[in-house]
Amino acid sequence: MEHLSFDFVRKILSRLTALGFDQAEVLLGNEHLTEMEVDVSSFSLLRNTEADNLVLRAIQGGRYGSVVVSQLDDSRIQMGISKLQDQVMSAPVDEARAFAPQPLVAMNEMGPLEPQHYAMHNSLSQFLVAVGEAYPECVLKQALLRYHRGRRIRVNTVGHETDTTEGYYSFGVRFLSKRNGKTSQIGFNGSCAADLGTDLIEWGGIRRALESSVREINLTPLHGRFDGHVIIAPEALYILMGHWLQNLKDEKILSGVSPFRDKLDKPVCSPLLSFSIEPRGTSFARHEFLTEEGFGSEPSTIIKDGILKSYMLSDYASRKTGLPRGESSGLNWVFGAGKTRLPEMFGGIDKGLMLGRISGGVPAANGDFSGIAKNSFLIEGGYLSRPISEAVISGNIFDMFNSITAVSQDRSNDGIALIPWLGVDGMSIKGR
Amino acid sequence: MIDLRSLKSEFAPGSGANRVYSEIRYQDNRETRIDLTNGSLETNFQESVRGVSARSFSCGYWGFSAYSNPSKDAAIAALREATRNAKFLAGRSEKSNAGIAYPTAMQFKKSYASTKTPISPAIWIELLKALDNYIVKKYPDLRGRRLSLWSLEIEKQLATSDGSEIHTTVPRAFFQVSMTKDSKTGPVSFLDTRGGLGDLQDFFLDTPQSFESWIDEIYDMVSRKADGVKPTSGVYDVVLAPDLAALLMHEAVGHGVEADLVQAGSVLWDRLNQMVANPLVTYVDIAHTYDGAPAPRPVHVDDEGVEASDTVIIQKGVLKSFLNNRETALHFEQKPTGHARAFQYCDEPLIRMRNTALLPGTTRIEQMIASIEDGYYFMKPGRAQADTTGEFLMQVGTGFEIKGGKIGRVLRDSAITGFALEFMNSISMVGDEFHWDTSGYSCLKKQLMPVGLGSPALKCKVRVSGG
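First, a word on what this report is: a plain description of the structure on this page. (Residues numbered from 1 in each chain as written. Chains lettered and ligands numbered in written order. Predicted model: local features only at pLDDT ≥ 70, side-chain atom pairs only at ≥ 80, totals over all residues. Heavy atoms only, no water.)

All names here are of chain B. Counted by the stated rule, this structure contains 30 aromatic pairs over all chains. Each ring, one from Phe57 and one from Trp62, has its centre 4.6 Å from the other, and the planes form 55°; the classification is tilted. Residue Phe57 shares its accessibility class with Trp62, and that shared class is buried. Taking the centre distance of 5.1 Å and the plane angle of 70° together, the rings of Phe322 and Phe332 count as edge-to-face. Placement of Phe322 in the loop between strand 13 (318-319) and helix 7 (326-332) and of Phe332 in helix 7 is noted, with a sequence separation of ten residues between them. Looking at Phe322, the relative accessible area reads 1%, which means it is buried. (Phe/Tyr/Trp six-rings, centres within 6.5 Å; stacked < 30°, edge-to-face > 60°. Buried < 20%, exposed > 50% of the residue type's maximum accessible area, 1.4 Å probe, protein only. Helix = DSSP H or I, 4+ residues; strand = E, 2+ residues; numbered from the N terminus.)

Spelled out as structure tokens, the structure:
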């Protein structure tokens, strides 16, 4: 671990500056993972990994290069430096490349700094018992409890020197439920936490997902087709919002595919939707101090009452397009709470769908998408009537976020996102 | 590189109930990626992800440990930690009937690395810039364009406590061009990819002019898609082109026979030696050689030191075998045939497909199309997902109507859905021309994994979703 120091990284930076680069940057990362795995309700694997990652970047005459080295002996570093020289020489001039200046806070540590093997084993054991007692019809296919620790030391020639460390736990489960020869669909859920103080079954939406799985045992195929209301559960909304947000990020903005290129301070979705990023929000398990490029991460409002207030662009994409840079790398989502209680959202729906999870691909460039509704229920007469299978939901993702009818007061917190239930209209649901 | 032979004395295999199986793996994943987006060099990086890991099996539990700075000391530390991790779990609970198979140990060395001199990134960037200029001048009505070159060469060295010693190097390289054009209903994209087993210089060391006809074809498709129609939703007879059929078989069927997913309740768990598909269907996971040539992702020995051989999954419609690692092979009393693979040095081997191939039949694709009165011809796959029930959804990037036995209008993006068993039983014609997919597909199952996919065209019945 002696290499995890400013001294080590500064020496590499000196080697780069001695080569005459206009600007240079060295980023040394160290990632630790401890993973405990349960397969088919039985412990199977304990895994730990330790990985170093050295990123060398340089700019000369507007030409930029970047090389990653995962072995830190002198000969490998020298090979990396030689490759970096080749890359810089071969790159076209691009004045949009630059490195991050020194942020306000240079050092940060957050979360647990070491894994607790005994506590992890105890938590998982208790989870197996808790699920067996509360949901005996539920069969756990896989459970992964992980401890993550990441440290990053960054120095560059524009005065940046930072050292940040973040530790946290994550937990993911895959399960189904069985009774009298009938089986629910596979369910997934996951969450993050800063410590193991809370029972795993109470993390995020895990208990809700297990309860739903038991209710899904009597699922039957959906027949016919209808167009109408869909209540999107937090797990499905996380996926769909992720697709929508891609249109505010580098690839879709730079390639010209995004429809939001000229929409800053203009409506981009329903006025019922507000969405922000809180990289160090106290209600979250994870915390981001610096963006991936090294700028200080700050809270930002992305959408306010349907109006686009910020893009989520890197500094590079910002300089290329003239649009403002994102204030963070996008960790910790906060959807604004709505005014409607969840039961009331169902109450007004004569026939609709409660979308628990969506299995499918990414939307087409024009926003059209299709997906199979998983862990989902038919809504009839204002109530959840029955679990359904073989239902394909389709629509246009831009139209969908323009057709929001309600946002729930209740929000689910999975440790990295605070997400409500969303009511939308105009979706097409096709059964067998 | 580490001399793994010098570490043999570090293995402590024990015997009887105290037998400990262990493996040490050194791995280097060398990757290059260059992306030119609307003329800007968005990505230009070279990465070498290398390290050493060890895994141990004791009393029914696995322990694993990995370090990114490969050295003899790191390998020894990883081995000791892996054994300690397995024993940590074993010390807290007992497992009955837990064990692994011990097939014949293997000594094997093979490199598919390019014999041509590697090319400087500058040459590749010049190639992309020349082609980008060609696109800009000839097709100014495009909304966006992206040209990407990438390669991944994986070198592995493995030593196991039961005597296997392996050293392999397998590269692959791809060139992808994507175009986006405006249409009346918003932007429309189309992309195409070339490449396969080998390095960039094996496939793409050519003049820009030699790629222009390919570029023209991509522009033609995106233009036709911009004027395309939505398919009408419903259940149809369709023809699936080889690329799409291969990916659909991989997602909907291949995952369902991975023994770890079988144990987790896959729809095929109780169908061994039963008819699960039309008798026209024979589906094999090729280890390394097909029709006398290397498969796209050759595996001679897997990451548990097990010799890889072809696994016949479905023979004339009958499910014949699952895909196993050492542990599930013992559980299902099947022969391990080399499916345990890890993506990076820090990943544990999982049961993975290698080069799944639906073997060719006798029908020409023209006959399939001519046999359909009202249906679709689906060519290019997008993303696909299936779960253990076998229910799948596959996006279709390129397709055509079939009307009166003839190809009709081009389709916009669409999707097909269904269930694995219904799909396999609906196959009524299997094409006579087999193709390996060249899209550079990597499958995600806890870890990414490069895989090969192959198939001829198929005629079958699926649900079509047109939005």
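Next comes the rest of the write-up.
Below, the discussion takes up helix 3 (residues 117-134) of chain A. For helix 3 of chain A, built from 18 residues, the straight-helix expectation of 26 Å at 1.5 Å per residue is met to within 8% by its first-to-last C-alpha distance of 26 Å. Where helix 3 of chain A is concerned, the buried positions are Met120, His121, Ser123, Leu124, Phe127, Leu128 and Val131 of chain A. Down the axis of helix 3 of chain A, the sector holding all buried residues measures 165°, keeping them to one side. Residues of helix 3 of chain A that are exposed and angled more than 90 degrees away from the buried face: Tyr118 and Glu133 of chain A. Looking at the buried positions of helix 3 of chain A, the neighbouring elements they touch are strand 1 (23-39), strand 2 (42-60), strand 5 (138-156), strand 6 (161-179) and helix 4 (206-215) of chain A together with helix 1 (72-90) of chain B. (Expected span 1.5 Å × (residues − 1). Arc of directions from axis to C-beta. Contact = heavy atoms within 4.5 Å.)

Turning next to the pairing of strand 19 (residues 406-410) of chain B. Looking down a regular strand, the side chains alternate between one sheet face and the other. Where strand 18 (residues 391-403) of chain B lies against strand 19 of chain B, three bridges are found, and the strand directions are antiparallel. Bridging from a neighbouring strand, Lys403 of chain B pairs with Lys406 of chain B of strand 19 of chain B. (Pairing = 2+ DSSP bridges.)

Turning next to unusual backbone geometry. Apart from glycine, the bulk of residues carry a negative phi angle, and the bulk of peptide bonds sit in the trans form. All names here are of chain A. Residues other than glycine seldom take positive phi values, yet Asn375 does so here, at roughly 50°. Here Asn375 is to be found in the loop between strand 17 (368-374) and strand 18 (376-380). With a relative accessible area of 9%, Asn375 lands in the buried category.

All right, on to the environment of Ile135 of chain B then. All names here are of chain B. Position of Ile135 among the secondary structure elements: in helix 2 (residues 121-138). The spacing of Ile135 and Ile215 is 80 residues in sequence and 7.6 Å in space, taken between C-alpha atoms. For Ile135, the residues in contact, after removing those within four places along its chain, are Pro140, Leu142, Arg145, Leu147, Met179 and Ile215.

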